[in-house]
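The chain contents come next:
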Amino acid sequence: MKLKEMEAPAKLTMVRLALIPLFMIFIVYGFGMENAGKYTWPRIIAASLFLLACIVYVIDKRVMRGRDITKGFWGFLDVVADRLVIFSALLSICFSDYVLPNGFYENFFFWATAIIVFRELVVIGICLTEASMNVEHLFNNEPKQQKWLLWITSALQMICIVVVILEPIFFSHKIFSEFRLLSLVITILTVVSTVVSCLYSIIAYKKYITIQEN
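Just so you know, these numbers come straight off a predicted model, no measurement behind them. Each chain has its residues counted from 1, running along the sequence as written. Where local features are concerned, this predicted model is filtered to residues with pLDDT of at least 70; where side-chain atom pairs are given and counted, the filter is 80 or more; whole-chain, interface and lining totals use all residues. The basis for the side-chain values is all heavy atoms of the structure; hydrogens and waters are excluded.

Let's shift gears to the environment of F176. Residue placement: F176 occurs in helix 6 (residues 174-177). Only heavy atoms enter the contact rule, under which two residues are in contact if any of them lie within 4.5 Å. Other than its neighbours up to four places away in sequence, F176 contacts E167, F171, L181 and L182. A run of DSSP states H or I qualifies as a helix once it reaches four residues; a run of E qualifies as a strand once it reaches two. Both are numbered from the N-terminal end.

Attention now moves to the environment of K11. As for its position among the elements, K11 is in helix 1 (residues 3-28). When its relative accessible area of 53% is taken as the criterion, K11 is described as exposed. Along the chain, K11 and D60 lie 49 residues apart, while their C-alpha atoms are 9.1 Å from each other. For the exposure calls, accessible area comes from a 1.4 Å probe over protein chains only, and a residue counts as buried if that area is under 20% of its type's maximum, exposed if over 50%, partly exposed in between.

In this model, R180 sits at a positive phi of 65°, which is unusual for a non-glycine residue. Within the element layout of this structure, R180 appears in the loop between helix 6 and helix 7 (181-213).

What follows deals with a nonpolar patch on the surface. A contiguous nonpolar surface patch, about 510 Å² in accessible area, is contributed by F104, I175, F179, L181, V185 and L189. Broken down by element, the residue count for the nonpolar patch peaks at three residues, all from helix 7. As for its position among the elements, F179 is in the loop between helix 6 and helix 7. Residues forming no salt bridge and having over 30% relative accessible area are the ones grouped into patches, like charges within 9 Å of each other and nonpolar side chains (Val, Leu, Ile, Met, Phe, Trp, Tyr) within 5 Å. Calculation of accessible area relied on Shrake-Rupley with a 1.4 Å probe; when residues are assessed, cover is drawn exclusively from the protein chains displayed. Within this document, salt bridges are pairs made up of a side-chain nitrogen of Lys or Arg and a carboxyl oxygen of Asp or Glu, the two lying within 4 Å of each other.

Pairing between side chains becomes possible if they bear opposite charge and their charged atoms approach one another. If you walk through the whole model with that rule in mind, you get four salt bridges. Of the charged contacts in the structure, one is a salt bridge between D82 and R83, with a shortest N-O distance of 3.7 Å. For the residue pair D82 and R83, the accessibility class agrees, reading buried in each case. Residue E120 pairs with R83 through a salt bridge whose shortest N-O separation is 2.5 Å. Here E120, found in helix 4 (residues 104-133), pairs with R83, found in helix 3 (residues 72-95); they are 37 residues apart in sequence, far enough to count as distant. Looking at E120, the relative accessible area reads 2%, which means it is buried. When its relative accessible area of 11% is taken as the criterion, R83 is described as buried. Through salt bridges with shared partners, a single ionic network connects R16, D82, R83, R119 and E120.

Its place among the elements puts T113 in helix 4. Since its relative accessible area comes to 3%, T113 is described here as buried. Sequence-distant contacts of T113, that is, excluding residues within four places in its chain, are made with L90, L91 and C94.

Structure (structure tokens):
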């Protein structure tokens, strides 16, 4: 692959990686910008930077698929960048002093984060092994429904992070601002989708391992 062909996707991947510490700072630290107990501006800035990373993610995927750049170093780095964006946002939320309310949802979100991180590590592990074993088109021959499952899982993870950060700003009722009903619902959906897609990835990968061994 020529350097010129790799330029655009490489730059987009670097932009995503550069955005990570920026939104992490505003998720973890309120900078004293408290507004009615909601830390409105840190939430808005953090969510905006994270959404920008998500938009770059979508553009990057289109560029890479358009140029058929899904393998090799940049293909692997693209996968890692996707996971780092999600990892960083989830872990920053867990360590933030103002994003999560104390109580049930705080504990639930922590375990949801652990499940999501495990799933993403499985995906990275598959990509690493795929590269070393030359397993081509790992998921390409699977039904479209299964491909959509992987996309839905990623979309739910991104939506979940944005909702968790912004819910108290847009909904003042106690059930939203303190109990975080909307965040709880989207987190449950995200966890379910994450578990299902993780199991699918393991099963699909095992099939190719069996082929290689034979």
